[in-house]
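Here's the letter readout for the chains.
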Amino acid sequence: MLIIKNAFVVELDKVTNILIDDGKIKRIGDFSLEESSKVVDAKGMFVMPSFSDSHFHLRNPGQEYKQTYKEANDACLKGGYTDVVALANTNPVVDSVEVLNEVKSGTRELALDVYQVASVTKGLNGKDLVDFDELVKHTMIFSDDGKNVDDANVMREALKKSEELGFIIMDHSEPESEMVIRNIELVKEAGGNLHFCHVSKKESIEALIKAKDEGVKVTFEVTPHHLFSTDLDYRVNPPIATKADVASQIEAIKGGYVDSIGTDHAPHTEEDKKNGSPGIINIETAYSMIRKVFYENGVDMKTLVKLMSKWPAKLVGKERGIFEGAVADIVIASDEEYKIDKYSFVTRSKNTPFHGRDVKGKVLMTIAKGEIVYDNGELETKGDR
Ligand SMILES: [Zn+2]
């Protein structure tokens with residue numbers, strides 16, 4: 001049994017106590033704090049359902065030199081994440097049941113829940129569709145992320161299968177706005193469930209807002225790094241945005257148009273970065289980056305919970321929240337300011353341009369299915385530990 005007392009629960013907008021037993025939230029409110037229980041004092045802290053990442057690069061199989069399964073697990077839990085959607089651009093590409101099962105066995109022992117995506121085309125070749133009928137028995141999300149599906153006919157056929165079988169396609173549009181606009185048109189024609197990854201440009205956002213207003217069924221995510229910085233020379237895909245682009249992202253968030261924050265956490269070695277590999281690692285600091293940006297732009301904490309936790313959790317079939325009967329997936333965070341220190345990252349890669357930058361809000365504890373899986377030691381805890 002675990003008790004979190006004096007918790008400011010963001011979605012309830014009040015201070016209360018939470019009783020966790022058998023992996024679930026059993027009681028919220030006033031109850032006797034039994035002596036045998038482990039008690040965590042969360043006074044002055046935010047308590048939220050744990051985060052779920054709609055866009056994560058696990059780097060396995062095949063690229064353990066960028067990040068191991070264990071490092072991915074530890075980095076995510078440290079960042080407050082208990083679920084990730086892992087993209088398919090690994091080596092080999094996740095385009096068969098065999099490779100899907102390899103990831104499944106590699107991640108089985110982790111506290112982190114990995115939802116592995118399969119690719120849309122074989123080997124990300126952009127031409128030959130994977131065997132959707134077979135693969136949907138194992139995953140309901142498909143993506144050629146890392147590459148654009150250039151051929152409109154291939155994309156149209158994939159969308160038709162998505163409509164028929166009910167799976168989701170996560171789209172990496174490049175060049176961004178041009179392909180976002182093309183793919184919205186393809187959804188109008190062919191149907192399907194299309195989620196746009198890492199949308200950053202004003203033109204793309206405007207096209208997506210218009211599509212949503214017209215009732216076209218599309219969803220999209222924005223990233224921590226595109227919101228956090230502007231006009232910076234660091235190779236990511238899509239490139240770091242302009243001030244006008246970020247203003248447009250914020251406006252779309254405030255208007256309720258953005259569905260999720262996807263970190264696009266993409267570990268690379270120093271050498272791979274020198275050779276031009278695009279990507280930033282940010283899973284360990286995503287909350288702190290988003291909290292800072294939202295605080296400065298007047299976006300409330302409930303919106304943060306929706307974008308970082310509730311919606312992306314639903315994407316992988318989970319109902320997340322702080323309510324009685326919910327699975328006890330919980331994060332406790334302070335609102336203190338600190339500087340990003342890439343040398344404190346648990347993942348081996350250090351590819352970030354944000355070392356030394358000020359952020360706000362630190363994850364102090366992560367609870368997955370009722371178990372404390374990350375504890376930085378700053379919270380007062382009493383009991384049988
Ligand atoms: Zn991408």
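For the structure itself, consult the block above.
Trainee: Sorry if this is basic, but what is going on with the sheet that holds strand E10 (residues 168–171) here?
Mentor: Pairing between the strands of a sheet is mediated by backbone hydrogen bonds and can be parallel or antiparallel. As summarised here, the arrangement of the five strands in space is E9-E10-E11-E12-E13, forming an open sheet in which the pairing is parallel. Each of the sheet's edge strands pairs with one partner strand only, and the pair in question is strand E9 (141–143) and strand E13 (260–261). Pairing between strand E12 (residues 218–222) and E13: two bridges, direction parallel. Looking at the pairing, Glu221 lines up with Ser260 of E13.

Trainee: Teacher, can you tell me more about the pairing of strand E15 (residues 358–368) here?
Mentor: Each regular strand displays side chains that alternate between the two surfaces of the sheet. A large share of E15 lies buried, amounting to nine of its 11 residues. In the sheet, strand E14 (residues 330–339) pairs with E15 via eight bridges, with the strands oriented antiparallel. In the sheet register, Ile330 faces E15, and the bridge partner there is Ile367. As paired elements, E15 and strand E16 (residues 371–375) share four bridges and run antiparallel to each other. Within E16, the position partnered with Thr366 by the bridge is Tyr374. The turn linking E15 back onto E16 is made up of two residues, and Lys369 within it adopts a positive phi angle of 50°.

Trainee: What exactly am I supposed to notice about helix H6 (residues 202–213) here?
Mentor: For an α-helix the count is 3.6 residues per turn, leaving residues at separations of three or four pointing the same way. Spanning 12 residues, H6 covers 16 Å between terminal C-alpha atoms, matching the ideal 16 Å at 1.5 Å per step. Three or more residues of H6 are buried, namely Ser204, Ile205, Ala207, Leu208 and Ala211. Summarising the axial view, the buried residues of H6 lie within an arc of 160°, below the 170-degree limit, and thus occupy one face. Turned more than 90 degrees away from the buried face of H6 sit Lys210 and Asp213, all of them exposed. On its buried side, H6 packs onto helix H5 (176–190), strand E11 (193–196), E12 and helix H8 (243–254). In the segment just after H6, Gly215 is the residue with positive phi, at about 90°.

Definitions and limits used
- Residues numbered from 1 in each chain as written.
- Predicted model: local features only at pLDDT ≥ 70, side-chain atom pairs only at ≥ 80, totals over all residues.
- Heavy atoms only, no water.
- Pairing = 2+ DSSP bridges.
- Helix = DSSP H or I, 4+ residues; strand = E, 2+ residues; numbered from the N terminus.
- Buried < 20%, exposed > 50% of the residue type's maximum accessible area, 1.4 Å probe, protein only.
- Expected span 1.5 Å × (residues − 1).
- Arc of directions from axis to C-beta.
- Contact = heavy atoms within 4.5 Å.

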